[in-house]
Amino acid sequence: MTSLPSSKPLGNCKPGFSGTISGFFSDHDNVESTAVEQLREMGFAEGLQVSILHQNPFGKDPIAVRVGAMTIALRRREAKLVQVTPA
Amino acid sequence: MSEKAADSNPATPIVAVVGNPNCGKSALFNALTGLRQKVANYPGATVERRSGQIVGAGNLTMIDLPGAYSLNARSADEDVTRQVVTGTHDVEAKPDVILSVVDATNLAQHLRFVLELRELGVPMVVALNMTDLAARERISIDVPALSAQIGVPVIETVAVRKKGLSELTQALSNATLAPAPSDVDFGQTVRQRQKAARKIASTATISEGIGHRTTRRIDQILLNPVIGPVTLFGLLFLMFQAVFSWAETPMDLIEDGIGFLQIFFANTLSDGLFLSFLNDGILAGVGAVVVFLPQILILFLFILVLESTGYMARAAFIMDRLMASVGLNGRAFIPLLSSFACAVPGIMAARSIANERDRLTTILIAPLMTCSARLPVYTVIIAAFIPNQTVGGSVGLQGLVMFALYLAGILSALIMAAVLKRTVAKGEADTFLLELPKYQSPNIRFVLIGLYERARIFLRRAGTIILVSTIVLWVLAIYPAAPVGATEPAISYSFVGMIGSALEVVFAPIGFNWEISVALVPGMAAREVAIAALGTVYSLSGSEAMIEAGLVTVLNNAWSLPTALSFLAWFIFAPQCLSTIAVTRRETGGWKWPAFMVAYLFVLAYGASFITFRVATWLLG
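The shown structure was predicted, so the numbers you read here are calculated from the model rather than taken from an experiment. Each chain has its residues counted from 1, running along the sequence as written. The order in which chains are written sets their letters, starting at A; the order in which ligands are written sets their numbers, starting at 1. Where local features are concerned, this predicted model is filtered to residues with pLDDT of at least 70; where side-chain atom pairs are given and counted, the filter is 80 or more; whole-chain, interface and lining totals use all residues. Hydrogens are left out, water is left out, and the side-chain values use all remaining heavy atoms of the structure.

## Considerations on the overall build of chain B
The test is simple: Elements are defined by DSSP. Helices are runs of H or I of four residues or more, strands are runs of E of two residues or more, and each kind is numbered from the N terminus. Between the two quantities, the radius of gyration covers C-alpha atoms and the globule rule is 2.2 Å times the number of residues to the power 0.38. Burial here depends on accessible area, computed with a 1.4 Å probe over protein chains only, as a share of the maximum for the residue type. Under 20% is buried, over 50% is exposed, and the range in between is partly exposed. In this analysis, two residues are considered to be in contact whenever any of their non-hydrogen atoms come within 4.5 Å of each other. Method for areas: the Shrake-Rupley scheme with a 1.4 Å probe, in which residue coverage is limited to the protein chains shown. Two residue types count as positive, namely Lys and Arg, and two as negative, namely Asp and Glu; His and chain ends fall outside the count. A single reference atom marks each charge: NZ on Lys, CZ on Arg, CG on Asp, CD on Glu.
Along chain B, the regular secondary structure elements total 28 helices and 12 strands. Taking 25 Å as the expected radius of gyration for a compact globule of 621 residues, we find that chain B reaches 27 Å, a close match to that expectation. Along the first, second and third principal axes, the C-alpha atoms of chain B reach 90 × 55 × 45 Å. Across the 621 residues that make up chain B, the buried fraction comes to 56%. Contacts in chain B between residues far apart in sequence, at least 24 positions, make up 74% of those at least 6 positions apart. When the accessible surface of chain B is totalled, it reaches about 24900 Å², and 63% of it is carbon and sulfur. The centroid of the 45 positive side-chain charges in chain B is displaced by 9 Å from the centroid of its 43 negative side-chain charges.

Structure follows, in structure tokens:
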């Protein structure tokens, strides 16, 4: 997976972050991990706008993110598999 | 045609309703089948087999399957969907038609699943649902173009307004004779199908939407770091206060009605066995339980409305951190909240938890959530022993005690979860991945069908299990008759008296008299029967005047305060409920876990009651 210099894991971003999904972090280059497949099934995809809307007040985890037309809640550990480029 | 006949008739084509969670699938199913539906177990979230008939064009049998994002089943309920549509389910036949429900406001995402489903080689119809919301969000979709690209009929529907239903029924009926979708390869991996779906969606979409702004605005308040948790706890508190205050009037009415009947029978019938059977057996026993119907309906009203509006997922989001601290997952909040109504649907709703160990832990602690069957027990004891006064101005003391009892259940559930996750259900924490659906005004139909189902199940229980155990108890309490010259009430010499005295040996250390001990036995059938049993036992051992005064007054005279508190503590854990044991056996696939559950709950109940009784006796002594 090529990673642009400005891209970073979604899981490390703060509420208010806004950007575009540029890819996913997988252990292997050709086969996507089950966790990434599950993120895709939920609606994460390359090229979609993503922003962090909320985070849990107790410990800043999980976060609620807007992806395309949906809002999805997930823990930062999984959000770190999503590679984003700030807008 | 009756439901049963149609259901068992193999000639009726079967339509499986499939879709992502939150696509309005259940609303569409309700709109199509109305009250002609059969819920095999419990209402609420789609966790059990829901089937119904469409009368008219073609006579179709509809099956509502659990929501799923794909056929790569990640949890037990998604697996049911996969098994049924692929024809590998044990009981369910392979469907003749798949009705794939798609949210028009989120076309690209939902289309991916449609592309996966059309590979199954089953005739298919797509319902493009929530087109009214799409119009409001200024999304415009070219339906004929969409239909042409995916090669299956697409019907626009608005489930909640019953729009497009006759067209949909007609299309489903036609589809039973139609061939499977043509062989077009849209890709084999999630990634390839995702790409294809986005391409189709973008060509079929005439104008892009602006999103659901209202939802984002409401979330800014309800997921606010401060207002969010405060609102959630406020809602839960309101729910428990409402269960008490709103139900008061209807409960008084039912109680007065039962009292009126008892007096009526006592005045019109001659004294004897039949009168005793009616008044002490049926009316005192079943009546003591039926009176709680209003409270149970109010509790379910809250849960169904929270589910229907989309707030439940937000509650899971707020609770995730707390749940994670004991090794669970925010998703477990939904089954656990349902368990406040009844542990049985709660345990079944745990199917949505992907991780097996998390699911097991959730199932094992579900009975610690105070279910509505324990409400009758709490209500009677609180009414008898806790003064009806207010503290701090407006908060009722009785409601506060009730809240404390619920809280005790929740806290022990959290502690037990932490213990279980470190011992028998050890393992890494599950992921938490949950769509926060758009807010919707509560679907009145969904709520009413849910309440109707609930009332039906409750009254059926009152008319069967509770009636039978009450009658059995009454018979055992009447025979054998007291010897000549007996000094004690006749019941002391009956079988019930004997069983009670035997059990009292076990329960005396925690302050239970023989009447309570004997009431715990029929309480195995259903927890609220314990109250029905107390009603019968005390009704038979008391005088006319006591019967008219009601169970609350009787208990107030018969029990000491430490005994009452010990009884409350017992019911926080209350290990006995046959339905819970049965559903746990089914969901965990064996006797090991239900046996473990009963054992640990019994130990906790006995221990808590022992401590409560001893401490209360010491403090008051």
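Now that the structure is up, let's keep going.
## Some words on the overall build of chain A
Check the secondary structure of chain A and you find 2 helices and 6 strands. N-terminal to C-terminal, the α/β element order of chain A is β-β-α-β-β-β-α-β. Counting over 87 residues, chain A shows a buried share of 51%. Of all intrachain contacts in chain A linking residues separated by at least 6 positions in sequence, the fraction that spans at least 24 positions is 61%. Surface accessibility of chain A: about 3900 Å² in total, with carbon and sulfur atoms responsible for 52%.

## Examining the sheet that holds strand β3 (residues 49–55) of chain A
The cut-off we apply is this: Only when DSSP finds a minimum of two bridges between them are two strands counted as paired.
Strands sit in the order β1(A)-β6(A)-β2(A)-β3(A)-β4(A)-β5(A)-β12(B) across an open sheet of 7 strands; the sheet is antiparallel. Bordering the open sheet on either side are β1 (8–9) of chain A together with β12 (433–435) of chain B, each of which pairs with just one other strand. Inspection of the sheet shows strand β5 (residues 70–74) of chain A paired to β12(B) by 3 bridges, in the antiparallel sense. Each bridged residue has a counterpart across the sheet, and for A:Ala73 the counterpart in β12(B) is B:Leu434.

## Notes on a nonpolar patch on the surface
Keep this limit in mind: A patch consists of residues whose relative accessible area exceeds 30% and which take part in no salt bridge; residues with like charges are grouped when within 9 Å of each other, and nonpolar side chains (Val, Leu, Ile, Met, Phe, Trp, Tyr) when within 5 Å. In the sections that follow, a salt bridge refers to a side-chain nitrogen of Lys or Arg positioned within 4 Å of a carboxyl oxygen of Asp or Glu.
On the surface, B:Leu273, B:Val475, B:Tyr479, B:Phe495, B:Met498, B:Ile499 and B:Val521 cluster together to form a nonpolar patch covering roughly 590 Å² of accessible area. Position of B:Met498 among the secondary structure elements: in helix α21 (residues 495–507).

## Details of the pairing of strand β6 (residues 124–129) of chain B
Along any regular strand the residues' side chains alternate between the sheet's two faces. Residues and elements named next belong to chain B. Spelled out, the test is: By convention, a crossover is right-handed whenever its connection, traced from the first strand over the helix to the second and viewed with the strands pointing away, goes clockwise.
For β6, a buried count of 6 out of 6 residues is recorded, marking the element as mostly surrounded by other parts of the structure. Of the strand pairs in this sheet, strand β5 (residues 97–103) and β6 are connected by 6 bridges, and their pairing is parallel. Bridge pairing links Leu99 to Val125 in β6. One crossover worth recording links β5 to the parallel β6 by way of helix α4 (residues 107–118), and it is right-handed. In terms of strand pairing, β6 meets strand β8 (residues 154–156) through 3 bridges, oriented parallel. Of the residues in β8, the one forming a bridge with Val126 is Val154.

## Some remarks on the nonpolar core
Residue and element names in this part refer to chain B. To be explicit about the condition: To define a nonpolar core, start from buried Ala, Val, Leu, Ile, Met, Phe, Trp, Tyr and Cys residues and group those joined through side-chain atoms within 4.5 Å.
The biggest cluster of nonpolar side chains holds 122 residues, and the ones touching the most others in it are Ile365, Ile381, Leu555, Trp559, Phe567 and Phe571. The leading source of residues in this core is helix α19 (residues 397–422), at 10 residues. Leu107, Leu115, Phe186 and Ala197 belong to the second-largest nonpolar core, a separate cluster that totals 36 residues.

## Quick look at unusual backbone geometry
Cis geometry is adopted by the peptide bond preceding A:Pro62, which originates at A:Asp61 and carries an omega value of 0 degrees. Relative to the elements of secondary structure, A:Pro62 occurs in the loop between β3 and β4 (63–67). With a phi angle near 60 degrees, A:Lys60 is a residue other than glycine that sits in the positive phi range. When you line up the elements, A:Lys60 lands in the loop between β3 and β4. We note that B:Met130 has phi near 60 degrees; this positive angle belongs to a residue other than glycine. The class for B:Met130 is buried, based on a relative accessible area of 10%.

## Digging into the confidence of the model for chain A
Our working definition: Values of pLDDT, ranging from 0 to 100, describe the predictor's confidence in every residue of the model.
Residues at a pLDDT of 70 or more form 90% of chain A, whose mean pLDDT is 87. Confidence, read as mean pLDDT per element, is least for helix α1 (residues 34–42) of chain A in chain A (89) and greatest for β4(A) (94).

## Notes on the interface of chain A and chain B
Reports of interface size often rely on the accessible area that becomes lost once the parts have come together. The cut-off we apply is this: Two parts placed together each lose some accessible area under a 1.4 Å probe, and the buried area is that loss summed for both. Pairs of N or O atoms within 3.5 Å make up the polar contacts considered here, provided that, within protein, one atom can donate a hydrogen while the other can accept it, and that residues adjacent in sequence are counted only when both atoms are side-chain atoms. Throughout, the ten residues Ala, Val, Leu, Ile, Met, Phe, Trp, Tyr, Cys and Pro are labelled nonpolar, Asp, Glu, Lys and Arg are labelled charged, and all others, Gly among them, are labelled polar.
At the interface, 34 residues of chain A touch 36 residues of chain B. For the chain A face of the interface with chain B, the top three residues by lost area are A:Glu41, A:His54 and A:Arg75, together amounting to 22%. Salt-bridge contacts for A:Glu46 lead to B:Arg191; the nearest nitrogen and oxygen are separated by 3.4 Å. The interface formed by chain A and chain B includes 19 residue pairs in polar contact (both at pLDDT 80 or more). Every element with two or more residues in the side of chain A that touches chain B is listed here: α1, β3, β4, β5 and α2 (76–79) of chain A. Residue composition of the side of chain A that touches chain B, grouped by class: 15 nonpolar, 9 polar and 10 charged.

## Details of the packing of aromatic side chains
Residues and elements named next belong to chain B. Quick note on the threshold: Aromatic contacts are taken between Phe, Tyr and Trp rings whose centres are within 6.5 Å, Trp giving its six-membered ring; a plane angle under 30 degrees counts as stacked, one over 60 as edge-to-face, and the others as tilted.
Inspection of every chain in the model, using the stated rule, returns 17 aromatic pairs over all chains. Aromatic pair Phe237 and Phe403: ring centres 4.8 Å apart, planes at 80 degrees, arrangement edge-to-face. On the criterion of sequence distance, the pair formed by Phe237 in helix α10 (residues 227–245) and Phe403 in helix α19 is long-range, its members being 166 residues apart. Judged by its relative accessible area of 26%, Phe237 is partly exposed. In this structure Phe403 comes out as partly exposed when scored by relative accessible area, which is 23%. Ring plane angle 35 degrees and centroid distance 5.7 Å describe the contact between Trp246 and Phe302, whose orientation is recorded as tilted. Of this pair, Trp246 sits in the loop between α10 and α11 (248–268) while Phe302 sits in helix α13 (residues 293–309), placing them 56 residues apart in sequence. Overall, Trp246 belongs to the partly exposed group, its relative accessible area being 48%. In this structure Phe302 comes out as buried when scored by relative accessible area, which is 11%. One aromatic cluster is present, built from ring pairs that chain together Phe385, Phe507, Phe512, Trp559, Phe567, Trp570, Phe571, Phe602 and Tyr606.

## Overview of the pattern of salt bridges
All chains considered together, the criterion is met by 16 salt bridges over all chains. The salt bridge partner of B:Arg359 is B:Glu356, with a shortest N-O separation of 3.3 Å. A residue pair is termed a helical-turn pair when its members lie 3 or 4 positions apart in one helix, as B:Arg359 and B:Glu356 do in helix α17 (residues 356–365) at 3 residues. Judged by relative accessible area, B:Arg359 falls into the buried class, the value being 8%. Taken together, the salt bridges that share partners define one network made up of A:Glu37, A:Glu41 and B:Arg74.

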